[in-house]
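A structural walkthrough
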Number of protein chains: 2
Amino acid sequence: MQFRQRTHKCGELREIHIGKNVILNGWISRIRDLGGLIFIDLRDRWGIAQLVILPETHPHLAEKAKELHSEYVIWAAGSIRSRENPNPNIPTGFIEVLLDDFEVINKSELPPFEIIDDLQTSEEIRLKYRYLDLRRPSLQKNLITRHRVYQIIHQYFDENEFVEIETPVLMKSTPEGARDFLVPSRLNKGKFYALPQSPQIFKQILMISGFDRYVQIVKCFRDEDLRSDRQPEFTQIDLEMSFIKREDIFSLIEGLMKRLWKEILNIDIITPFQKIKYEYAMNTFGSDKPDLRFGLEIKDITEIVKNSGFKVFTDTFNKNGKIALINAKKCGNFSRKQIDELQDFTKKYGAKGLATIKYQNGEIFSPIAKFLNEAEINQIFEIAEVEENDLLLIIADEKHKCLSALGALRLEIARRTGILYNLENIYNFCWIIDFPLFEWDSTENRLSPMHHPFTSPNIEDLQLLDTDPLKVRAYAYDLVINGAEIGGGSIRIYDNEIQQKIFKLLGLGEDDANEKFGFLLDALRYGAPPHGGIALGLDRLVMTLVGTENIRNVIAFPKTTSGLSLMDGSPSFVDKKQLDELGIQLIKE
Amino acid sequence: MQFRQRTHKCGELREIHIGKNVILNGWISRIRDLGGLIFIDLRDRWGIAQLVILPETHPHLAEKAKELHSEYVIWAAGSIRSRENPNPNIPTGFIEVLLDDFEVINKSELPPFEIIDDLQTSEEIRLKYRYLDLRRPSLQKNLITRHRVYQIIHQYFDENEFVEIETPVLMKSTPEGARDFLVPSRLNKGKFYALPQSPQIFKQILMISGFDRYVQIVKCFRDEDLRSDRQPEFTQIDLEMSFIKREDIFSLIEGLMKRLWKEILNIDIITPFQKIKYEYAMNTFGSDKPDLRFGLEIKDITEIVKNSGFKVFTDTFNKNGKIALINAKKCGNFSRKQIDELQDFTKKYGAKGLATIKYQNGEIFSPIAKFLNEAEINQIFEIAEVEENDLLLIIADEKHKCLSALGALRLEIARRTGILYNLENIYNFCWIIDFPLFEWDSTENRLSPMHHPFTSPNIEDLQLLDTDPLKVRAYAYDLVINGAEIGGGSIRIYDNEIQQKIFKLLGLGEDDANEKFGFLLDALRYGAPPHGGIALGLDRLVMTLVGTENIRNVIAFPKTTSGLSLMDGSPSFVDKKQLDELGIQLIKE
């Protein structure tokens, strides 16, 4: 357990070090024995150094080198010289280390997979051996980028006079929306803490306490049925400000994005970001997180075809539904099979069917053309700006379904035609604003908050709360980058009476509201300032910056979609004694 | 819900602003109506501004001001002028704002206690109304200092090329030492996650992954019976480094302390810190976290009195125990009552009794003097350096009990005589080193790790593992400031065979070890680098910097010693439906 400590890091060696004696510590990445020369690539976090053994002058080193294998940890002492055959592709490629001595610090068994990036090993094996997976350069790079993102965030908010404050992890269960993770209390048997889905209430309390500007990089938890891009624990950049309007949040976050993109990607992004109303985003892109890097906009043709001979269209119109299309440019040559796939795709998104019109060689090919007269066809072609070899994809359905399905189709067409691929290094930022305050929950048959129950209504719509609450716009906003929601927030209610009214509209009785949020209602009585904030998804932000679609590529120790950690085997069974102490037992099946 | 946004913060106004028109937002701290003038102190996070209303020129403002009360939130517009009677005690004390207009933004009910620092309100009430308590200047200051501590930590470790990495909050239960908080898994019914007591294993895994330097400010959790200075969730500065020796950790942490003390307190502390061996600390100060700011050292008199006529002493000697004393200087005039209190105090710390010798006016007063001969008395006086009016406090007991009780007495004497009070702004830093690797667990009748089972033995003592394991020293170290343990760490075992051997010595069978730590043992097989680290208690560090003994003064939303959050009422009962989904139920009493 003795070793000679490094004087330099492998990855920092340059031509200015030539002639210096150095000691390096690291992992053996590769060994090549050319007979007259032995080359060893030694790796540490900073890069790779090439070590050279000359068997002629150092026969004992050459002999010892025979025992070396990949992933052995060694110390190596030698002098830096310039390489005969430089490798300009790596920063250390102009020098090498002529070895005087080395020793093995620790051996390694043969790893279950090679430590390289173009890896064919299954993700399951890689997660089990996460300690080896994390040695891969791309994961190292992702986590170091994540580190830089943290540092930029720390600095930016400190400069802007935010106070970093930790809110509790063990808090009260107030299940609204997603399920809480629960933590049984031993000191208070029969009672439970919950892990925070967000520090929402605490940050509002901090504003009422006068901290004025709060920020925290904070773990949040949701016990949901996991999707591939979700984790049971995830990280938020959570912040709140007092005495502000929503424009203050916009410019603050725009400043942060500007700095992140400049420092991480050396890209100058343009601010202020475009602001798009929810209604417009839904009607035009079929999504409240539109990817604005390309067109393929949705066109409403309800008015054109509402009296057509096609029963599906007229029925839809009569049921107050919507008929709309997108023009898949240059997709007129899609095969029967491709169109079938699009139809299946559409059904997955809840729409009943997909009608198509192809325009090729001046001719129209469409199962529904016979139901439309020439004027209708002409108007459709005009609104859709149809050109040779275009393919119209038409959906008639209940308004929200029609738009969502077309929104999904729009992205699918962009993927299939290579549009998205060509946009990989283009970044489009926008704010979605003017969300409705409520949506109708048809399962529970009541209003439910589109964001959360503390979101302030737009004051221009206050009178609609009593008459037409679904029309009330919220002071809520989402930040969207390239079609991904990076964060969302709102100006909050700071008036106790309005807050109580909202709870009432949500069907939360006075007792219920008091039981769950009584302390917030109390706090609102003692001089709450106007305030608002936002929470940004850090994992998603880093994914965008490093360009990966897999959330597990930006988290050191992620869980699978079943919530398992394959490395440590959690969750796991525990001793009955532990459960006894907590006063709980398993329900027998 | 409309208000005029501030142009300036209350606390930033200075003489350079004289003549400017400003708008302020804040809370009313105080109102004084002098008839001809109305003064309002307006407060925000940055300080207090004095507003003035002239009833003569602004009668409508004077009228409106009658409706104002403490803690109302207002906006106020006016012009800055210099004060006729400056208050040099506050930074804004040279100016005031002559009001043109103001409006109430939000009202406040009468708070249950005044927002001032010399507060007589019970802590219970203050924790219930934490949102008001947090408005007090001292808590604001503490949390803003805590914010600065975070920022210094972020910067310092970034400069030192550490990578900030988040480790999981939902991990595997491996109860060793303290109890884990458990989190039932819904997706894997019958299984549980645990909240981390520390990210120990994950940070070692990160070293094996080659990240070289890891740091994280991280919440940790222990389900212990709480003491007044403990919280169920607490914050650690957790770090780990590869290819290092313990001296590298010392100088790293000394650099951090130097910067913290300079930037927060403007105090230059001297490095390197004193290094004190565990054995010496115990023998001399009766503690492994000695307060070195004062003497009152323990003197061993076993050899002097082992054959004396006092049976308690000879018995103790024969049972391999220890007889030792401290000299409470100038305490010869302690009353019978005071000495009784010290005896009770001693018993609380587990010692059977306390013998005393007073030396006053050249005379000896002691219940045990008659059992000692003159030579023995003389030797005791010499070793204790007795002077007029001194009081010797002697304990004879099993070695560890004797030393611990004298250690506690030493602090008690320092408190009672005002020594500690006079040392309030003195800071003494030291490292305690050479801890034993194991201690004997007499309940379980086996060795247990003094730190944790991953701590490396001192390589000089390796051969003792087989012959006399209790004599093996560990590469473990604690950082102690003024008698408080601020953090602890160690160089870790990086050799799989030694790790297995330690598990065996701890009575952890191979299956057990594999079940609990198998993935670490596996990881150690694939090229683990030498590594070590430390975890510092952030809460305790901030307590030291702001000078409070109450941990709840440095945490925004703390829990009581029963683990309750009085503000939000957690933990709380949850719906049976939630438990059903988790597959658990309460055990009926």
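Rules behind the numbers
- Residues numbered from 1 in each chain as written.
- Chains lettered and ligands numbered in written order.
- Predicted model: local features only at pLDDT ≥ 70, side-chain atom pairs only at ≥ 80, totals over all residues.
- Heavy atoms only, no water.
- Helix = DSSP H or I, 4+ residues; strand = E, 2+ residues; numbered from the N terminus.
- Buried < 20%, exposed > 50% of the residue type's maximum accessible area, 1.4 Å probe, protein only.
- Lys, Arg positive; Asp, Glu negative; His and termini not counted.
- Charge placed at Lys NZ, Arg CZ, Asp CG, Glu CD.
- Pairing = 2+ DSSP bridges.
- Contact = heavy atoms within 4.5 Å.
- Axes fitted to C-alpha atoms, helices over the stretch in contact; angles between N-to-C directions.
- Domains from an automatic or database assignment.
- Salt bridge = Lys/Arg side-chain N within 4 Å of Asp/Glu carboxyl O.
- Parallel < 35°, antiparallel > 145°, perpendicular 65-115°, else oblique.
- Left-handed = near helix turned anticlockwise from the far one by under 90°.
- Nonpolar A, V, L, I, M, F, W, Y, C, P; charged D, E, K, R; others polar.
- Polar contact = N/O pair within 3.5 Å; in protein donor to acceptor, adjacent residues only side chain to side chain.
- Least-squares fit on C-alpha atoms with pLDDT ≥ 70 in both.
- Phe/Tyr/Trp six-rings, centres within 6.5 Å; stacked < 30°, edge-to-face > 60°.
- Arc of directions from axis to C-beta.
- Patch = residues over 30% accessible without salt bridge, like charges linked within 9 Å, V, L, I, M, F, W, Y side chains within 5 Å.
- Areas by Shrake-Rupley, 256 points an atom, 1.4 Å probe, with all protein chains shown as cover.
- Disulfide = S-S within 2.5 Å.

Below, the discussion takes up the overall build of chain A. Broken down by element type, chain A carries 18 helices and 23 strands. Along the first, second and third principal axes, the C-alpha atoms of chain A reach 95 × 75 × 55 Å. The buried share of chain A, reckoned over its 589 residues, is 59%. Counting 75 positive and 87 negative side-chain charges, chain A places the centres of these two groups 2 Å from one another.

This part takes up the sheet that holds strand 17 (residues 429–433) of chain B. Residues and elements named next belong to chain B. In space, the 8 strands of this open sheet follow the order 6-9-10-22-21-20-17-11, with mixed pairing throughout. Each edge of the open sheet carries a strand with a single partner, namely strand 6 (163–164) and strand 11 (274–277). Relative to strand 10 (residues 233–242), strand 9 (residues 213–221) is paired through 9 bridges, and the arrangement is antiparallel. Its bridge partner being in strand 10, K219 is matched across the sheet by T235. Running over the sheet, helix 5 (residues 200–208) touches strand 9, strand 10 and strand 22 (531–537) and is turned about 25° from strand 10.

The assigned domain composition of chain A is domain 1 (10–106), domain 2 (139–276 + 429–555) and domain 3 (294–422). Placing the centre of domain 2 of chain A and that of domain 3 of chain A at their C-alpha centroids yields a distance of 37 Å.

With the rule as written, the count across this model stands at 107 salt bridges over all chains. Salt-bridge contacts for B:K203 lead to B:D238; the nearest nitrogen and oxygen are separated by 2.8 Å. In this pair, B:K203 is assigned in helix 5 and B:D238 in strand 10, connecting sequence segments 35 residues apart. According to the relative accessible area criterion, B:K203 is buried, its value standing at 1%. B:R525 is the partner of B:D522 in a salt bridge, and the nearest nitrogen-oxygen pair spans 2.4 Å. The exposure class of B:D522 is partly exposed, given its relative accessible area of 24%. On the basis of relative accessible area, B:R525 is assigned to the partly exposed category, the value being 28%. Counted as one network, the salt bridges with shared partners bring together A:R146, A:K219, A:E233, A:D539, A:K559 and B:E166.

Residue and element names in this part refer to chain A. Running from N to C, helix 4 (residues 137–159) and helix 6 (residues 246–265) point in directions that differ by 140°, and their axes come no closer than 10 Å. Relative to helix 6, the element helix 4 is oriented oblique. Helix 6 is crossed by helix 4, and the crossing has right-handed handedness. Contacts between helix 4 and helix 6 involve T145, R148, V149, I152, I153, Q155, Y156, F157 and E159 on the former and, on the latter, S251, L252, G255, L256, R259, L260, E263 and I264. Taken together, the residues that form the contact of helix 4 with helix 6 break down as 9 nonpolar, 4 polar and 4 charged.

With that out of the way, let us pick up the sheet that holds strand 12 (residues 299–300) of chain A. All names here are of chain A. Spatially, the 5 strands line up as an open sheet ordered 12-13-16-14-15, and their pairing is antiparallel. The two strands at the open ends of the sheet, each matched to only one other strand, are strand 12 and strand 15 (363–365). Here strand 13 (residues 322–328) pairs with strand 16 (residues 390–397) via 7 bridges, running antiparallel. Along strand 16, the bridge assignment pairs L325 with I394. Docked against the sheet, helix 9 (residues 311–318) engages strand 13 and strand 16, running at close to 45° with respect to strand 16.

Before going further, it helps to spend a moment on the interface of chain B and chain A. In many reports, interface size means the accessible area that the parts give up when they come together. With 130 residues of chain B at the interface, the matching set in chain A holds 128 residues. Linking chain B with chain A are 16 salt bridges, by the criterion used here. A salt bridge links B:E581 to A:R179; the nearest nitrogen and oxygen atoms lie 2.9 Å apart. The interface formed by chain B and chain A includes 80 residue pairs in polar contact (both at pLDDT 80 or more). Residue composition of the side of chain B that touches chain A, grouped by class: 67 nonpolar, 30 polar and 33 charged. Here strand 23 (residues 584–586) of chain A runs beside strand 23 (residues 584–586) of chain B; their pairing, made up of 3 bridges, is antiparallel. Following the sheet pairing, A:I584 is matched in strand 23 of chain B by B:L586.

Right, let's talk about the relation of the copies chain B and chain A for a bit. Relative to chain A, chain B is turned by 180° and slid 0.0 Å along the rotation axis, the superposed coordinates differing by an RMSD of 0.1 Å. Here the symmetry operator amounts to a two-fold rotation axis. The share of interface residues of chain B whose copies in chain A are also at the interface is 98%, consistent with both copies meeting through the same surface.

Take the packing of aromatic side chains next. All chains considered together, the criterion is met by 50 aromatic pairs over all chains. Ring centres of A:F243 and B:W27 lie 5.6 Å apart, and the angle between their planes is 70°; this geometry places the pair in the edge-to-face category. One end of the pair, A:F243, is in the loop between strand 10 (233–242) and helix 6; the other, B:W27, is in strand 1 (residues 21–33), on a second chain. On the basis of relative accessible area, A:F243 is assigned to the buried category, the value being 2%.

Here the focus is helix 11 (residues 374–383) of chain A. One turn of the α-helix equals 3.6 residues, which is why residues spaced by three or four share an orientation. Residues and elements named next belong to chain A. Buried residues of helix 11: E376, I377, I380 and F381, and no others. One side of helix 11 holds all its buried residues, which, seen down the axis, span an arc of 130°. Away from the buried face of helix 11 by more than 90 degrees, exposed residues E374 and E382 are located. Residue N373 occupies the N-cap position of helix 11, its side-chain oxygen lying 3.2 Å from the main-chain nitrogen of A375. Directly beyond the C-terminal end of helix 11, a positive phi value near 50° is found at E385.

The next subject is a negative patch on the surface. A contiguous patch of negative charge, built from A:E510, A:D511, A:D512 and A:E515, is present on the exposed surface. On the secondary structure map, A:E515 appears in helix 16 (residues 510–523).

Position of B:S173 relative to the elements: it lies in the loop between strand 6 and strand 7 (182–184). Of the residues examined, B:S173 reaches a relative accessible area of 9% and is grouped as buried. Here the side chain of B:S173 touches A:Q578 through a polar contact of 3.2 Å, side chain to side chain. For B:S173, the side chain forms a polar contact with the side chain of B:D180, separated by 2.8 Å. Each residue touching B:S173, except ones within four places of it in the same chain, is listed here: A:S572, A:V574, A:Q578, B:D180, B:L182 and B:A194.

Summed over all chains, the structure comprises 0 disulfides over all chains. With no disulfide of its own, B:C331 has B:C402 as its nearest cysteine by sulfur position, at a separation of 19 Å.

A word on the side chain of A:D238. Residues and elements named next belong to chain A. You can call D238 buried: its relative accessible area is 2%. There is a polar contact of 2.7 Å between the side chain of D238 and the side chain of Y214. Among all residues touching D238, those that are not within four sequence positions of it are P199, K203, Y214, V215, Q216, V218, I534 and A535.

All names here are of chain B. In terms of burial, strand 20 (residues 476–481) is largely enclosed, as 6 of its 6 residues are buried. Burial along strand 20 is two-sided: the face carrying A476, D478 and V480 and the face carrying Y477, L479 and I481 are both buried. Where strand 17 and strand 20 come together, 5 bridges link them in antiparallel fashion. Across the sheet, the residue bridging to W431 is L479, located in strand 20. Sheet analysis places strand 20 next to strand 21 (residues 484–491), joined by 6 bridges and oriented antiparallel. Following the sheet pairing, L479 is matched in strand 21 by G487. In sequence, strand 20 turns back onto strand 21 through a hairpin of 2 residues, with N482 there showing a positive phi of about 50°.

Turning to the pairing of strand 22 (residues 531–537) of chain A, a few remarks are in order. Residues and elements named next belong to chain A. Along strand 22, 7 of the 7 residues are buried, which leaves the element largely enclosed by surrounding structure. What you see with strand 22 is no split at all: H531, G533, A535 and G537 on one side and G532, I534 and L536 on the other are buried throughout. Pairing between strand 10 and strand 22: 7 bridges, direction antiparallel. Bridged to L239 within strand 22 is I534.

By the element assignment, A:G507 lies in the loop between helix 15 (496–505) and helix 16. Sequence separation between A:G507 and A:R446 is 61 residues, and the spatial gap between their C-alpha atoms is 7.0 Å.

With that settled, consider unusual backbone geometry. Among all residues save glycine, negative phi is the norm, and among peptide bonds the norm is trans. For the bond from A:T271 to A:P272, the omega torsion is -10°, close enough to zero to count as cis. Examined against the element boundaries, A:P272 turns out to sit in the loop between helix 6 and strand 11 (274–277). Despite not being glycine, A:D434 has its phi angle at roughly 55°, a positive value. Following the sequence through the fold, A:D434 ends up in the loop between strand 17 (429–433) and strand 18 (438–441). The buried category is assigned to A:D434, whose relative accessible area is 11%. Despite not being glycine, B:L296 shows a phi value in the positive range, around 50°. By secondary structure assignment, the location of B:L296 is in the loop between helix 7 (278–285) and strand 12 (299–300).

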